[in-house]
Amino acid sequence: MTINYAHRGASGNYPENTMLAFEKAIEMGATGIETDVQMTKDGELVILHDEQLNRTTNGNGLLKDYSLKEIKKLDAGSWFSQDYSSCTIPTLKEFLELTSKTKLKINLELKSNIIQYPNIEEKVIDMIYKYNMDNKVILSGFNHYSMVKCKEISSNIKTGLLYMSGLYKPETYIKYVVADALHPYFYALNQDIITGIQKSGIMINTFTVNDEKYMKFFASAKVDGIITNYPEKLKIILGE
Ligand code: G3P
Ligand code: MG
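Residues numbered from 1 in each chain as written. Chains lettered and ligands numbered in written order. Predicted model: local features only at pLDDT ≥ 70, side-chain atom pairs only at ≥ 80, totals over all residues. Heavy atoms only, no water.

In the annotation of an unreviewed UniProt entry, the chain is listed under the name Glycerophosphoryl diester phosphodiesterase and assigned to Clostridium grantii DSM 8605.

Right, here's the structure in full:
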């Protein structure tokens, strides 16, 4: 069955990457959650998409220049709606605390492509084991060096290679890198490319599919996971 991954939580209707967006995704019937992991100045793992605080909080500048204590004072909801001004940036711990009690599959994207957070791979993997989530989590990243590092630290934890488009023979490339899944932007795929990847027994989790026409296409192509801002719409299409 195709996994219905809520992208940054139920981010179409709630402020992305907040505990509210994750709780709502669960209520809506998502079977997975995708989220983005970064690190504060004092080495704490937190959930935020942009490297900059500006778009989704009332903070300024780079997340990496602030301590967790400072980060926790920020409002991460008002940019979306005044109703959500009490939302804060979650820690990875808070996120795993919630999701480890569910059957959800979790896709943790390591945001190690622009800022190279020291030892983020080791820290995230430690936390995954602490919460006994090794069978439920797939790590992903645009930085494939970081994905190789994850496999070296723990070959048991699944990894996925994120890419935008134009990757030539992805089913060959992934064998060279050594990972478990391809995480292409949905425009990078067509039926022929999907068939080639599936014949090689490699998983496909595609992002970010918000249009129902494309949801239907990828559902009928039986990809392993669809990452969407609208898990409630995808649930209907997947017939769950
Ligand atoms: O993991 C899928 C997708 O989230 C990758 O891109 O920029 O939305 O984190 P981005
Ligand atoms: Mg992401």
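**Comments concerning the site of ligand 1**
Neighbouring ligand 1 are the residues H7, R8, E34, D36, H49, E109, K111, F142, L162 and F207. The separation between an oxygen atom of ligand 1 and a polar side-chain atom of H7 is 2.8 Å. Within the contact set of ligand 1, an oxygen atom lies 2.7 Å away from a side-chain nitrogen or oxygen of H49. When isolated, ligand 1 has an accessible area of 290 Å², and the protein chains bury 90% of it. (Near = heavy atom within 4 Å. Polar contact = N/O pair within 3.5 Å; in protein donor to acceptor, adjacent residues only side chain to side chain. Areas by Shrake-Rupley, 256 points an atom, 1.4 Å probe, with all protein chains shown as cover.)

**Brief notes about the coordination of the magnesium ion (ligand 2)**
Taken together, the protein ligands of the magnesium ion (ligand 2) are E34 (OE), D36 (OD) and E109 (OE), with distances of 1.9 to 2.2 Å. Positions of the donor residues of the magnesium ion (ligand 2), expressed as sequence spacing, correspond to E-x1-D-x72-E. You can see E34 sitting in strand β2 (residues 32-39) and its partner E109 sitting in strand β4 (residues 105-110), a full 75 residues away along the chain. The class of E34 is buried, set by a relative accessible area of 3%. Given a relative accessible area of 6%, E109 falls into the buried group. (Donors = N, O, S within 2.8 Å, 3.2 Å for Na, K, Ca; no water. Helix = DSSP H or I, 4+ residues; strand = E, 2+ residues; numbered from the N terminus. Buried < 20%, exposed > 50% of the residue type's maximum accessible area, 1.4 Å probe, protein only.)

**Here's the deal with the packing of aromatic side chains**
Given two aromatic rings, their pairing is described by the distance between the two centres and the angle made by the two planes. The tally for this structure, following the rule as stated, stands at twelve aromatic pairs. Where Y185 meets F207, the ring centres are 5.6 Å apart and the plane angle is 50°; that geometry is what we call tilted. Of the two residues, Y185 is situated in the loop between β7 (181-184) and α7 (191-199) and F207 in the loop between β8 (203-206) and α8 (212-220); the sequence distance between them amounts to 22 residues. The class for F207 is buried, based on a relative accessible area of 11%. These aromatic residues form a ring-pair network of at least three members: F142, Y185, F186, Y187, F207 and Y214. Sitting over the ring of W79, R55 keeps its end group 5.8 Å from the ring centre. (Phe/Tyr/Trp six-rings, centres within 6.5 Å; stacked < 30°, edge-to-face > 60°. Lys NZ or Arg CZ within 6 Å of the ring centre and 35° of its normal.)

**A few points about the packing of helix α4 (residues 120-130) against helix α5 (residues 144-153)**
Following both chains from N to C, one finds α4 and α5 inclined at 50°, their axes separated by 9 Å at the closest point. With respect to their mutual orientation, α4 and α5 come out oblique. Relative to α5, the crossing made by α4 is right-handed. Contacts between α4 and α5 involve E121, E122 and I125 from the first element and S146, K149, C150 and I153 from the second. Partitioning the contact of α4 with α5 into residue classes produces three nonpolar, one polar and three charged. (Axes fitted to C-alpha atoms, helices over the stretch in contact; angles between N-to-C directions. Parallel < 35°, antiparallel > 145°, perpendicular 65-115°, else oblique. Left-handed = near helix turned anticlockwise from the far one by under 90°. Contact = heavy atoms within 4.5 Å. Nonpolar A, V, L, I, M, F, W, Y, C, P; charged D, E, K, R; others polar.)

**Topic: the environment of V148**
Following the sequence through the fold, V148 ends up in helix α5. In the structure, V148 is positioned 50 residues away from Q198 in sequence and 22 Å away in space, judged by C-alpha atoms.

**Quick notes on the nonpolar core**
Most often, soluble globular proteins keep nonpolar side chains buried together rather than apart. Core analysis: the largest hydrophobic core is formed by 68 residues, its most contacted members being L92, F95, L108, V124 and L139. When residues no more than four places from it in sequence are discounted, the contact partners of F95 are M19, F22, I33, T35, I47, I106 and L108. Judged by nonpolar contacts, the second largest core, of seven residues, contains I3, I138, L162 and F207. (Core = buried A, V, L, I, M, F, W, Y, C linked by side-chain atoms within 4.5 Å.)

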